[in-house]
Amino acid sequence: MIPYSDFTFFYIIGILLIPSVILGLVGRSSKKYNMFISVIILALIFGVRMGDFSINWKSFISITLFTVFQVLLIKCYHKYRMTKNTASIFVLAVILGILPLVLVKVLPFFDLHVFGFLGVSYITFKAVQIIMETRDGMMKKENIAISELIYFLLFFPTVSSGPIDRWKRFDKDFKTIPTKDAYREMLYKGINSIFLGFFYKFIVAFLLYNKVLMYLPDRTFGNLNFFEGHLMYMYVYSLHLFFDFAGYSCFAIGVSYIMGVKTPQNFNLPFISRNIKDFWNRWHMSLSFWFRDYVYMRFVFWMTKKKWIKNRFVVSYIGYFLLFFLMGIWHGLELHFVVYGLYHALLIICFDKFERWNKKKKIWKDNKWTHALGIIITFHVVCFGFYIFSGTLF
Amino acid sequence: MKKITFIPLFIAVVLFLVFLFFPNKIIEKWISDDRVELAKTEMNPLVYQGAYMQSRMLKGDNMMPIFGSSELVRFDPFHPYNYTKAADTPYDTYLVGRGGTQSLTHFMNIAEQGKDLRGKKVVFIISPQWFVKEGLDEFHFSPNYSMLQSYDLAFNKTMDRSLRKRGMERLLQFDTVQRDHILRTMYEYELSDHKERKILGRAAKFVGSFTRQLQHKKDIYYSLFVGDFKGDLKAQPELVEDRTFAEQIKASEQYGSERVNNDYGISSHYYNKKIKPKLALLKDYKSEEEYTESPEYEDLQLVMDAFKDAGAKPLFVSIPLNGKWYDYAGFDKDRRDAYYEKMDMVLEKSGHAYVDYTNHEDDPYFLTDTLHIGWKGWVYLDQTMDDFYKHD
């Protein structure tokens, strides 16, 4: 069963969440109850095939083994880190952590569909993040409870496609019982978010797809020529992608809030970004921040420390390149995803060069006209990126 | 801190409930007869995907609707709707269909109207291009798909059981239906004669019965908004009223000749827009096509059986292709004749009334473009409808 894809799912969680709401409103902890219903909902998500309502053993066993593996890995590394700290063991732990994800992405190319399930990459991101922070010594004093760790990794509202929460932040919510008033506010925000999601996903995205996108780029009954068809496809696809995904994120965030967890936002009006850097601070934020913190920053620190490359701009550019290349192939190993990643790396690097050049020359003034122009340019450039991403081009 | 209040939420729920339980009787009063009249020619998908508006239109003993597809929007002074008004025929008509409404879409609609069609005469225009090898595809099916009608089919008690099952089996081949888990489960439950997966099947029917009622409520509300658009029907009653059949034929030839700028007899508008820019590309582009093998024949059979089951009296109309154009497109005469003959055979076997216009494929101005009946074609159809209505 795919979360939030149809009303059946909402009916089920709507009923199961009633006790959580009541507990929250009277100021009691709903943690245990939430953990209990998570088991039921996870069993539905991973174990039941929608359509014929049959049991999906493959996905069920895959997720179980995968979770056991990640938990063991984290616990072992955490235990090891208590006493020792070598780079090689750390690298090994990270490689082991992303190994299942790599296998899921690579095996299909050899016609091996051994395992694979919803949300494998999002769970991986969370697991790798804990390993990295353990390495940094951020979790040294803590004793990570296995139940909480599993709850974090498999937190059902966000399990299939994020937003990607951080352990530190999640842990804080997990350990606090909100007061009556605080919970009222969370409930209010949660319901708002869910209804915004209905609007985004089930009204706007639905109409965009069924009334327009379905006929594009080349099923327009002769009303649009090749170029017009593809041009329209580019914009409508981009808008659809946003409303569909942002709608999904709203559901995930809303349900999290109702369960007392303030899952971070994923989108902040990305189509009014004034430049490409701004865009990545507004689009799929939890993912781009993850890549920023755990790929780009690590790479830059590491290079600076080792002093292999002296020029700090070159280091930064290689970092961007690495970030977007990985983000591209994370979507899949197909050519269009690779090109999508490289396209954005190129955009960021060019923009960075422009920004530094402009700092000296002061040609691009900062006023409301350049702001508006910046939004317009960024929008089109971003849409072209999604057009590459869609795989229609090649 | 901002004050948190849940009052708007409660108001929303209350408003929703008011909408949901608002009496249909009152809403029906808001839908005027003028609106119903306009809806007859609007060909709004909400009408043929729904139930209420059609039941209003079908009221009256002298109603003879036309089921068809894209040809119906080709209005000219001889178009059946304009004809019935200008010639003051003893019957009235309305139009059901638009581009892509092929047999299966009509089947669902006929099943929906069911016994309302008992004893009614209807005209059903069959288009040759429906009978491509792949048959109806998702892209033509889904925009015309009616959730209301597909749910009603699962609960339909009046239609013959085996016919219903054939319909559901066919519908299950489409993604649109497969994606709807409740509908799919209900259909599978019905197809197994309630023998397999009993609990799941009953649960789906329980949930489905609510969805179905919601769809009907939605249909009534939507009916408030159809018939808003007064299109240009291009009526010129003077070309039709008090004129003999021969005079109308003449007038339609005159009318057509003023609107054609090419040797194929295709209207200038269509020719300039869709053909002229890529004429060379279109040479022989249909050289591989055939209309004699297609799932559409089965779908058409569903329509024929559904009419019979409902007790309607349909007249099927077999339309030719544009001979000159199809020669150019590489769809040669032998293959066209093979289709015409097969269609004749199918119609003959069905036992329903039918009229075969396929000997008009080279008759100028019978078709308005490569395959749509219009102009002179309408004059013939008007005449046929007059006779069909009189004849018992």
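Residues numbered from 1 in each chain as written. Chains lettered and ligands numbered in written order. Predicted model: local features only at pLDDT ≥ 70, side-chain atom pairs only at ≥ 80, totals over all residues.

- Naming follows an unreviewed UniProt entry, where chain B appears as Protein DltD of Kurthia sibirica.
- Per its UniProt entry, chain B bears the Pathway (unreviewed entry) comment "Cell wall biogenesis; lipoteichoic acid biosynthesis."
- Of chain B, the UniProt comment under Sequence similarities (unreviewed entry) reads exactly: "Belongs to the DltD family." (UniProt positions renumbered as here; feature names shortened; annotations may be inferred.)

- The name recorded for chain A in an unreviewed UniProt entry is Teichoic acid D-alanyltransferase, from Kurthia sibirica.
- The UniProt entry for chain A carries the following comment under Sequence similarities (unreviewed entry): "Belongs to the membrane-bound acyltransferase family."

## Overview of the overall build of chain A
And step 1. When helices and strands are tallied, chain A shows 15 helices and zero strands.
And step 2. A compact globule built from 394 residues should have a C-alpha radius of gyration of about 21 Å, and chain A, at 22 Å, falls within 12% of that.
And step 3. When its C-alpha atoms are laid out on the principal axes, chain A stretches across 60 × 55 × 50 Å.
And step 4. Per-residue burial for chain A yields a buried fraction of 32% across its 394 residues.
And step 5. Sequence separation of 24 or more characterises 72% of the internal contacts of chain A that already satisfy a separation of 6 or more. (Helix = DSSP H or I, 4+ residues; strand = E, 2+ residues; numbered from the N terminus. Rg over C-alpha atoms; globule rule 2.2 N^0.38 Å. Buried ≥ 20, exposed ≤ 12 C-beta atoms within 10 Å, placed from the backbone. Contact = placed C-beta atoms within 7 Å.)

## A few points about helix α9 (residues 180–212) of chain A
All names here are of chain A.
And step 1. Its 33 residues place the ends of α9 46 Å apart at the C-alpha level, agreeing with the 48 Å of an ideal helix rising 1.5 Å per residue.
And step 2. The set of residues buried in α9 consists of Tyr-183, Met-186, Leu-187, Gly-190, Ser-193, Ile-194, Gly-197, Tyr-200, Lys-201 and Ala-205.
And step 3. Against the buried residues of α9 lie α2 (18–25) and α10 (226–258). (Expected span 1.5 Å × (residues − 1).)

## Thoughts on the environment of Asn-62 of chain B
Residues and elements named next belong to chain B.
And step 1. Inspection of the secondary structure puts Asn-62 in the loop between α5 (52–57) and β1 (66–67).
And step 2. Between the C-alpha atoms of Asn-62 and Tyr-91, which are 29 residues apart in sequence, the distance is 4.7 Å.
And step 3. Once residues lying within four places of it in the same chain are set aside, the contact partners of Asn-62 are Pro-90, Tyr-91 and Asp-92.

## Description of the UniProt feature "transmembrane region" (unreviewed entry) in chain B
And step 1. With numbering aligned to this structure, UniProt lists the feature "transmembrane region" (unreviewed entry) at residues 6–22 of chain B.
And step 2. Along residues 6–22 of chain B, the helical share is 88% and the strand share 0%, with 24 Å between the first and last C-alpha atoms.

## Thoughts on the domain arrangement of chain A
Quite often, the size of an interface is put as the accessible area lost when its parts meet.
All names here are of chain A.
And step 1. Here chain A is partitioned into domain 1 (7–177), domain 2 (181–267) and domain 3 (271–390).
And step 2. Taking only C-alpha atoms into account, the centre of domain 1 sits 29 Å from that of domain 3.
And step 3. On the domain 3 side, the residues contacting the eleven residues of domain 1 number seven residues.
And step 4. Counting residues per element, the side of domain 1 that touches domain 3 draws most heavily on helix α6 (residues 120–135), which supplies five residues. (Domains from an automatic or database assignment.)

## Points about the interface of chain B and chain A
And step 1. With nine residues of chain B in contact, the opposing surface of chain A contributes twelve residues.
And step 2. In terms of residue class, the side of chain B that touches chain A is made up of five nonpolar, two polar and two charged. (Nonpolar A, V, L, I, M, F, W, Y, C, P; charged D, E, K, R; others polar.)

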